[in-house]
Amino acid sequence: MDRFDAMRAFVRVVEAGSFTRAAETLHMSRTSVTQLVQQLEAHLRVKLLNRTTRQVNVTEDGAVYYERVARLLAELEDVEIGLPGNAATPRGQLRVDVPSPFANMVLVPALPAFHAQYPEIQFEMGASDRKVDLIGENVDCVVRGGEIVDGSLVARRVGELRLGVYAAPAYLARAGTPAHPAELIDSHHRIVRFRWNRSGGFPYAMHRGEETATVGGTHILSIDDGNAYLTAGLAGLGVLWLPDYMARDHVLAGRLAPLFADWRIDPMPLHIAYPPNRHMSRKLRVFIDWVSTLMAQHAPLPG
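Let me begin by describing the structure that accompanies this report. (Residues numbered from 1 in each chain as written. Predicted model: local features only at pLDDT ≥ 70, side-chain atom pairs only at ≥ 80, totals over all residues. Heavy atoms only, no water.)

## Focus on the sheet that holds strand S13 (residues 257-259)
And then number 1: Ordered in space as S12-S7-S13, the 3 strands form an open sheet in which the pairing is antiparallel. Of all strands in the sheet, those bounded by a partner on one side alone are strand S12 (240-243) and S13. In this sheet, neighbouring strand axes are inclined to one another by 50° on average, regardless of whether the strands run parallel or antiparallel.
And then number 2: Pairing between strand S7 (residues 163-167) and S12: 4 bridges, direction antiparallel. Directly across from Gly-164, in S12, lies its bridge partner Leu-242.
And then number 3: Strands S7, S12 and S13 of the sheet are contacted by helix H8 (residues 244-252), whose axis makes an angle of about 105° with S12. (Pairing = 2+ DSSP bridges. Helix = DSSP H or I, 4+ residues; strand = E, 2+ residues; numbered from the N terminus. Axes fitted to C-alpha atoms, helices over the stretch in contact; angles between N-to-C directions. Contact = heavy atoms within 4.5 Å.)

Next up, the structure:
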């Protein structure tokens, strides 16, 4: 038995919640993963997992062993990278998931500079607005707008996205330009509704002096992808709420027009979130620091 491979297989089974999913992320057969865990249990003379036909649960001894081994494997990676002969260069695969517009407009265009500084880090990037199971899908971190409501994650605020209200000139020519946010409610106006985690729209609170308006509206399209949401607004399907970085070029090109210029919307926090039970590897640390520096240019935190 290769004890290192066995420990790695056990950690992935615990995190993924099944031998099948663990085998997929390790690029191994389910049989090989099962045999490694069984050999590890035999070596330790301890039952680490309770298996049923439906699920895999970690035992009390297995939970203690997992916490220490998961941290040990991550620290071992850092030790190897930190050897003088390795020039202390972070390396390895980094699995991240980011919103699709953020990937297209901010992160990916800036990646050549990151790669020049850290050429041995390889990305597996998901570009989506869906809710990601970091543990089960073996994702190192996610970048997300809005508050992080999952208390099982560690979240670091890396920016604040300024928001505005916009519509395509073709839409305004057809429906007219609203002078007050309340005109979007119960009227002939239409919005494009962004669906957050398939649970509903974002409650956009707008402020002007002492006046506050929380505005939604009637929609003909509800969508959960940021790029498609923007495309729908450009096509004239309704009014949009957008971060500045998504709207800026389209406003300059005349494809979108800003609305309610004398109103202010509370900024949307941007977070990087990662599982708390993992040792933060150097590759993840440098990525988080880099994104923080990048957002200081695009969406700086107050102060």
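Next, the rest of the story.
## Focus on unusual backbone geometry
And then number 1: A positive phi is found at His-27, a non-glycine position, where the angle reads about 60°.
And then number 2: What makes His-27 exposed here is its relative accessible area of 69%. (Buried < 20%, exposed > 50% of the residue type's maximum accessible area, 1.4 Å probe, protein only.)

## A word on the pairing of strand S3 (residues 92-98)
And then number 1: Strand direction decides the pairing type here: S3 and strand S4 (residues 121-127), joined by 7 bridges, are parallel. For Val-96, the partnering residue across the bridge sits in S4 and is Met-125.
And then number 2: Once the chain exits S3 it traverses helix H5 (residues 100-117) before rejoining the sheet at S4, and the crossover so formed is right-handed.
And then number 3: Here 2 bridges tie S3 to strand S5 (residues 141-145), and the two strands are oriented parallel to one another. Within S5, the residue paired with Asp-97 across the bridge is Val-142. (Right-handed = clockwise from strand over helix to strand, strands pointing away.)

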